[in-house]
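The lines below spell out each chain.
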Amino acid sequence: MRWWLLALLYGLAGFGYIIVATYLPLMAKDAGSPLLTVHLWTLVGVSIVPGCFAWLWAAKRWGVLQCLTANLVIQAACVLLTLASGSPLLLVLSSVGFGATFMGTTSLVMTLARQLIVPGNLNLLGFVTLTYGIGQILGPLLTTLLGSGTQAITDATLCGALALFIAATISALQCYKQKRLLACRINDMRSRS
């Protein structure tokens, strides 16, 4: 993967997750359970640590790009699930899935950033963190530009999920290219022997 593609992917991930991270308690107020509404962030938080360990374990077994692709698709689906705010069960599932993926994205991206070749003295870990932060700023800004109220949050959430799906597509394409390159190298080695 080229370094700038990783930066773009991570910026999209920052944009995609922050809208739900910012407005989750507001989205959950229709769930009919004040206790659930208050503790949705608890569910997210409880899911973060095992999620990070699980994604890093999976990356060692199946590869970073494959796991990053799956992570972003699951995260996007969980972002979409938050729109079912009238269903307590779906809100619990989306909160747990969201928590188990969004910090996992960071773990996987940082692993990739350490492996990539960058031009000059570019600190890729710092640069991708910058793009993630820019995405985090643009998410709530988009919500503000869309207006106020539930419809603006819904529209922004859809944009966030789309950004996560685009990031997943970038990762999937890079994974495909990596597998093709590996297959070509194997074929070259076979033809030489």
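See the structure above.
As the structure is a computational prediction, the values presented were derived from the model and not from experiment.

Draft legend 1. Expanded view of the overall build of the protein chain. Helix and strand counts for the protein chain come out as 6 helices and 0 strands. Each helix and strand of the protein chain, ordered N terminal to C terminal, gives the series α-α-α-α-α-α. Dimensions of the protein chain, computed from C-alpha atoms along their principal axes, come out at roughly 70 × 30 × 25 Å. The buried share among the 193 residues of the protein chain stands at 44%. Within the protein chain, contacts between residues at least 6 apart in sequence are counted, and of these 80% link residues at least 24 apart. Total accessible area computed for the protein chain in this model is approximately 10,200 Å², and 69% of it derives from carbon and sulfur atoms.

Draft legend 2. Just the packing of helix 1 (residues 3-27) against helix 3 (residues 64-81), in detail. It is at 10 Å that the axes of helix 1 and helix 3 come closest, and there the two elements cross at 25°. It follows that helix 1 is roughly parallel to helix 3 by the angle criterion. Between helix 1 and helix 3 lies a crossing of left-handed hand. On helix 3, the residues that touch Leu9, Ala13, Gly16, Tyr17 and Val20 of helix 1 are Leu68, Leu72, Gln75 and Val79. Grouping the constituent residues of the contact of helix 1 with helix 3 by class yields 7 nonpolar, 2 polar and no charged.

Draft legend 3. Looking closely at the state of the cysteines. Applying the stated criterion to the full structure yields 0 disulfides. The closest cysteine sulfur to the non-disulfide-bonded Cys52 is located on Cys67, 13 Å from its own sulfur. Free of any disulfide, Cys175 has its nearest cysteine sulfur in Cys67, 9.2 Å distant.

Draft legend 4. Highlighting the packing of aromatic side chains. This structure, assessed with the given rule, holds 7 aromatic pairs. Ring centres of Tyr10 and Tyr132 lie 4.2 Å apart, and the angle between their planes is 20°; on these two criteria the pair is classed as stacked. With Tyr10 in helix 1 and Tyr132 in helix 5 (residues 124-145), this residue pair connects regions lying 122 residues apart in the sequence. A relative accessible area of 2% means that Tyr10 is categorised as buried.

Draft legend 5. Seen up close, helix 5. With 22 residues, helix 5 should cover 32 Å at 1.5 Å per step; its first-to-last C-alpha distance of 31 Å lies within 8% of that length. Here helix 5 has its buried residues at Leu124, Val128, Thr131, Tyr132, Gly135, Gly139 and Thr143. All buried residues of helix 5 project into a common sector of 105° when viewed along the axis, lining one side. The outward face of helix 5, more than 90 degrees from its buried face, is lined by the exposed residues Ile137, Thr144 and Leu145. Next to the buried residues of helix 5 lie helix 1, helix 4 (88-115) and helix 6 (150-192). Remark: Gly147 follows helix 5 within two positions and exhibits a positive phi of approximately 115°.

Draft legend 6. Region of the structure containing the packing of helix 2 (residues 34-62) against helix 3. Contact pair helix 2 / helix 3: the axes reach a minimum separation of 7 Å and the direction vectors enclose 135°. When the axes of helix 2 and helix 3 are compared, the pair comes out oblique. Residue-level contacts link Trp55, Ala58, Ala59 and Trp62 of helix 2 to Val64, Gln66, Cys67, Ala70, Asn71 and Ile74 of helix 3. Taken together, the residues that form the contact of helix 2 with helix 3 break down as 8 nonpolar, 2 polar and no charged.

Draft legend 7. Molecular detail of helix 3. With 18 residues, helix 3 should cover 26 Å at 1.5 Å per step; its first-to-last C-alpha distance of 25 Å lies within 8% of that length. Turning to helix 3, its buried residues are Val64, Leu65, Cys67, Leu68, Thr69, Asn71, Leu72, Gln75, Ala76, Cys78 and Val79. As for helix 3, its buried residues are in contact with helix 1, helix 2, helix 4 and helix 6.

Cut-off values and rules
Residues numbered from 1 in each chain as written. Predicted model: local features only at pLDDT ≥ 70, side-chain atom pairs only at ≥ 80, totals over all residues. Heavy atoms only, no water. Helix = DSSP H or I, 4+ residues; strand = E, 2+ residues; numbered from the N terminus. Buried < 20%, exposed > 50% of the residue type's maximum accessible area, 1.4 Å probe, protein only. Contact = heavy atoms within 4.5 Å. Areas by Shrake-Rupley, 256 points an atom, 1.4 Å probe, with all protein chains shown as cover. Axes fitted to C-alpha atoms, helices over the stretch in contact; angles between N-to-C directions. Parallel < 35°, antiparallel > 145°, perpendicular 65-115°, else oblique. Left-handed = near helix turned anticlockwise from the far one by under 90°. Nonpolar A, V, L, I, M, F, W, Y, C, P; charged D, E, K, R; others polar. Disulfide = S-S within 2.5 Å. Phe/Tyr/Trp six-rings, centres within 6.5 Å; stacked < 30°, edge-to-face > 60°. Expected span 1.5 Å × (residues − 1). Arc of directions from axis to C-beta.

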